[in-house]
Amino acid sequence: MKISYKLIQQYIDCPLSPEELSEKLTMAGLEVESLEKRGPDLSCCVIGQILDINSHPQADRLTVCRVNTGAGISTIVCGAQNMKPGDKVPVALPGCRLPEGMVIKRSKLRGVVSEGMMCSEKELGLSEESSGLMILPADAPVGRDIVSYLGLNDVILDIDLTPNRGDCLSARGIVREIAALTGVRPKKMVVDFPEQGESIENLVSIEIRDPDLCPRYTARVISNLTVAPSPRWLRDQVESFGLRSINNVVDVTNLVMMELGQPLHAFDYDLIQGKRIIVRRAQDGERIITLDNIERQLTSRNLVIADANRPIALAGVMGGANTEVSDQTKTILLESAFFDPVQIRRTANEFGLHSEASHRFERGVDPEGVILALNRATQLILSVAGGCAAKGVIDRYPRVFIPRVVRLRLPMIQKVLGIEVPPDRVIRILEDLECLVAQSDEDTLEVQVPLFRWDIEREIDLIEEIARIYGYDNIPTSLPGGAPSPERKIPFKDIEARIRNILIGLGFCEAINFSFICGQILNLLSSPATGSSCLGEGRVRLQNPLAEDHDVMRTSLIPGLLENLAYNQNRQIDNIRLFEIGRCFFSSSNGSLPEEKAMLALVMEGTREPRSWKGKPAPLTFFDLKGVVEALMVGLKIDNYAMTPAESRWLGSSQSANLMVGDKVVGSLGKVGQSIMEYFDLDKEIFALELLIDSLVSSEARRGIRPIPRFPSVSRDLALVISEEVPYREIEESIREMRIEILEDIQLFDLYRGAQIPAGKKSLGLSLTYRSSTRTLTDQEVNKVHERVINQLSQKFSASLRE
């Protein structure tokens, strides 16, 4: 919002300089981004009066003028023809630099010395075009500098308003703020003009068919006017707001919009068919050519101003070319209305039409201010374009607005701001902001909020207004009181952070992928060939996918990580270890929102160690992946886990297992199958893990601190010959089920198949560690317990000792 400092002074006797006012407004929440000096630097340019005009002795198109500049009589050679003796004109004296860069010097023109230059508006930088000298009013004082006379020594305040302060998108709104901040009363706007024409009710009819979208519509008719270029004062004021001058009628509607914040529109009355104005929704397929000469197809979502046969304006956004005011216009219908902000925002966004009018309607204008704006515009049009105003005004107001009343508790002000604002000061601030205040009891005010303040809805909003005007700098800085509350750990976030730390410590890098993936990938993962049906079930399809390969929400993190692997392998990057923590989405059976599950997935490929002089490094195997899982479980303090053979293929490979915590499957791990490798164009063995994080949160064990052992341990090795069908996990579980108090650890250190081992059998080498926390164990004690272990395995699994 740009506003002229001189224009502000027309509405209020502001005691502050532009710089002081800028600081004051900024501290009150209306940030002044910049102060711009308006107008060119025209030092040494004064008002002169032409005394006489003579022909140039050597040039037919030049004249020689004697001009009184106030400091003496100067001879000036001029090429213009629109002046006469007695006219007062701007005179650039020697040494003056014009906006285009020309420096005026005393010089000869065709043998005649010229002591300056009489200027046009274009030469002074005041207009883009001019047809001759700028002729000043007869009462212009000779010798006065042109800058002060034309009011060019002005300052423009460029104010950056927040979207909720639509009430300040006008000079009146800014002046209201200045009045509240300084205590100076604004000047009263006097609106008075004669109504001499026919009654407006006989000239036009107005009908509102959708009062929800247009609660109020008012109009006046002005006849016998003359559309012409605006006078300088009007053009200057319009341009000071950053707008372009069009003609006297349009400039008045723009000026009043910037003065009062109420957009207006002028229709050529003679082009309104049937002399009817109908505010209605457009019909699907209707078309209108707007003032920017673009034809637009309308739908029933759009609100239009129509005459008896066609739309003539996009309501609150832009007028139509079919009723545009032109030089031939003699009678206008002037509109001032209130439109629904949401409706205007939708229409403006739909057509990409963001005008000054729509900008204000979108933020909400004052429904009680439409008549004042209409009358102010009528008064100004009569003064600059002549004409006759029809008697009366049409005011259709089917949805009357009731001002909001907000209860304000005075003790709450001190509680929120931390200072006590005197009650009389509170009341004065609210009244300066044009609120109506009534005191219901000693500590409570009933505040009626003006309709132009759409942003004030609650008590806290009123307290903010009091703080703004009272001054944030008057509120002392203090630290909040109270003891700090202990840190609250969120189980899910805590375990998530620990998973990251563990995996990063194991050499993994974290990946972050989109939650959208290609449905074809899930089809592959859930096919019978891969057996990973859980990854393809319950998928959530997107109604409007951004791309064909992002049409479903992911039910697995594995596809994204495999794409990451392929991307890196294509760039000759090896030994990749990636993990991702994210959410997967599954459709709900009852039709509600999709179910979200927190998941962890990791992939790894390459060799166990980097290349070195020691020799060729060994490739990764399933057991490296198993070691990662074990390290993860130990780091998360989960004891009751186990890895069991998968009952079906996972990711297209038989080399897979389920991760159990307690009696519940929480994830799967294994080698990625060949069909999936080919889909992602991968050529190296890949091992992957995916598990539910939520299932780990409830499984975390609480471990105490174990003291350093005081007594020595005793180890016994055991070589068993046992059936190939018996997994090692069952052997270890069987030993632990014996609950031997002195048994500290069990380690598998050897697996052998071959000579001296019967077919269908395998040899397992186990190391059992025994220790007591209270004494040193004897060989006799250890041998006795160890013999029990051998008997247990022999009876349960038909195991025998290897000779």
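All figures in this text were calculated on a predicted structure; none of them were measured in a lab.

(A) Region of interest: the overall build of the chain. Tallying secondary structure elements over the chain gives 20 helices and 40 strands in all. Taking 803 residues into account, the globule formula puts the C-alpha radius of gyration at 28 Å, and the chain, at 44 Å, lies well above it. Within the chain, the fraction of its 803 residues that count as buried is 49%. Counting only contacts in the chain whose residues sit at least 6 apart along the sequence, the fraction spanning at least 24 positions is 69%. Surface summary for the chain: the accessible area is close to 40,900 Å², and the carbon and sulfur share equals 48%.

(B) Summary view of the packing of aromatic side chains. According to the stated counting rule, one finds six aromatic pairs in the structure shown. Members of the aromatic cluster, joined through ring pairs, are Phe338, Phe401 and Trp454. For Arg176, the ring lying beneath its charged end belongs to Phe452, and the centroid distance is 3.8 Å. The side chain of Arg571 reaches across the aromatic face of Tyr567, ending 3.6 Å from its centre.

(C) Representation of helix H5 (residues 232-240) within the structure. Counting buried residues in H5 gives seven out of nine residues, a clear majority hidden from the surface. Of the residues making up H5, those classed as buried are Arg232, Leu234, Arg235, Asp236, Gln237, Val238 and Ser240. At the exit of H5 stands Gly242, carrying a positive phi of roughly 85 degrees.

(D) Region of interest: the layout of surface pockets. One number sums up the size of the largest pocket: a volume of about 1,800 Å³. Together, 35 residues line the largest pocket, and Lys626, Glu630, Tyr728, Arg729 and Glu732 are the ones closest to its centre. Examining the composition of the lining of the largest pocket, we find that six residues originate from one element, strand S38 (residues 743-752), more than from any other. Here the residues of the lining of the largest pocket sort into 13 nonpolar, nine polar and 13 charged. Counted as a void, the second largest pocket has a volume near 820 Å³.

(E) Up close: the nonpolar core. Leu25 and Leu408 are the most contacted members of the largest nonpolar core, which has 79 residues in total. When residues in this core are grouped by element, the largest group, eight residues, is from helix H9 (residues 370-385). With residues near it in sequence (within four places) discarded, Leu25 still touches Leu30, Val32, Leu157, Ile159, Ile174, Glu177, Ile178 and Leu181. Counting 37 residues, the second largest nonpolar core, distinct from the first, contains Tyr269, Leu333, Phe339 and Phe351.

(F) Looking closely at helix H7 (residues 341-351). Of all the residues in H7, the buried ones are Pro341, Gln343, Ile344, Thr347, Ala348 and Phe351. Down the axis of H7, the smallest arc covering the buried residues is 160 degrees, so these residues share one side. Of the surrounding secondary structure, the elements contacted by the buried residues of H7 are strand S17 (295-297), strand S18 (303-306), strand S19 (311-314), strand S21 (332-338) and helix H8 (356-363). At the exit of H7 stands Gly352, carrying a positive phi of roughly 65 degrees.

(G) Examining the confidence of the model for the chain more closely. Mean pLDDT for the chain: 88, with 95% of residues reaching 70 or above. A low-confidence stretch, residues 528-536 stays under pLDDT 50, and its non-local contacts, those more than four residues away or across chains, total 31 contacts.

(H) Structural context of the sheet that holds strand S4 (residues 59-68). With respect to topology, five strands assemble into an open sheet ordered S5-S4-S3-S6-S9, the strand pairing being antiparallel. Where the open sheet ends on each side, the last strands, each with one partner, are strand S5 (73-78) and strand S9 (117-118). Note: strand S3 (residues 45-56) against strand S6 (residues 88-92), five bridges, orientation antiparallel. Bridging from a neighbouring strand, Ile47 pairs with Pro90 of S6.

(I) Layout of the state of the cysteines. A full pass over the atoms with the stated rule returns zero disulfides. Note on Cys65: no disulfide assigned, nearest cysteine sulfur contributed by Cys78 at a separation of 5.5 Å. For Cys65, a relative accessible area of 0% translates into the label buried.

(J) Seen up close, the sheet that holds strand S37 (residues 714-723). The strand order across the open sheet formed by four strands is S38-S39-S37-S40, and the pairing between neighbours is antiparallel. With one partner strand each, in any of the chains shown, S38 and strand S40 (800-801) form the two edges of the open sheet. Helix-sheet contacts for helix H20 (residues 779-797) involve S37, strand S39 (761-770) and S40, and the interaxial angle to S37 is about 15 degrees.

(K) Looking closely at the pairing of S4. In this structure, S3 lies alongside S4, joined through seven bridges in antiparallel fashion. Counterpart to Gln49 in the pairing with S4 is Asn68. The hairpin turn running from S3 into S4, its antiparallel successor, is two residues long. Here six bridges tie S4 to S5, and the two strands are oriented antiparallel to one another. The residue of S5 that forms the bridge with Thr63 is Cys78. Linking S4 to S5, which pair antiparallel, is a turn of four residues; within it Gly70 sits at a positive phi near 90 degrees.

(L) Representation of the pattern of salt bridges in the model. Across all of its chains, the model carries 49 salt bridges by this definition. Arg281 is the salt-bridge partner of Asp210, the closest N and O atoms lying 3.0 Å from each other. Residue Asp210 is located in the loop between strand S12 (205-208) and strand S13 (216-223), and its partner Arg281 is located in strand S15 (residues 276-281); the two are separated by 71 residues in the primary sequence. When its relative accessible area of 14% is taken as the criterion, Asp210 is described as buried.

(M) Seen up close, unusual backbone geometry. In this structure, Lys275 is a non-glycine residue whose phi angle is positive, near 50 degrees. If you trace the backbone, Lys275 turns up in the loop between strand S14 (264-268) and S15. At Asn293, a residue that is not glycine, the phi angle is positive and equals roughly 65 degrees. Among the structural elements, Asn293 can be located in the loop between strand S16 (287-289) and S17.

Procedures and definitions
- Residues numbered from 1 in each chain as written.
- Predicted model: local features only at pLDDT ≥ 70, side-chain atom pairs only at ≥ 80, totals over all residues.
- Heavy atoms only, no water.
- Helix = DSSP H or I, 4+ residues; strand = E, 2+ residues; numbered from the N terminus.
- Rg over C-alpha atoms; globule rule 2.2 N^0.38 Å.
- Buried < 20%, exposed > 50% of the residue type's maximum accessible area, 1.4 Å probe, protein only.
- Contact = heavy atoms within 4.5 Å.
- Areas by Shrake-Rupley, 256 points an atom, 1.4 Å probe, with all protein chains shown as cover.
- Phe/Tyr/Trp six-rings, centres within 6.5 Å; stacked < 30°, edge-to-face > 60°.
- Lys NZ or Arg CZ within 6 Å of the ring centre and 35° of its normal.
- 1 Å grid on protein atoms, 1.4 Å probe; cavity = no way out; pocket = protein on both sides within 12 Å on 5 of 7 lines; lining within 4 Å.
- Points joined across faces, edges and corners; volume = space filled by probe spheres on them.
- Nonpolar A, V, L, I, M, F, W, Y, C, P; charged D, E, K, R; others polar.
- Core = buried A, V, L, I, M, F, W, Y, C linked by side-chain atoms within 4.5 Å.
- Arc of directions from axis to C-beta.
- pLDDT = per-residue confidence, 0-100.
- Pairing = 2+ DSSP bridges.
- Disulfide = S-S within 2.5 Å.
- Axes fitted to C-alpha atoms, helices over the stretch in contact; angles between N-to-C directions.
- Salt bridge = Lys/Arg side-chain N within 4 Å of Asp/Glu carboxyl O.

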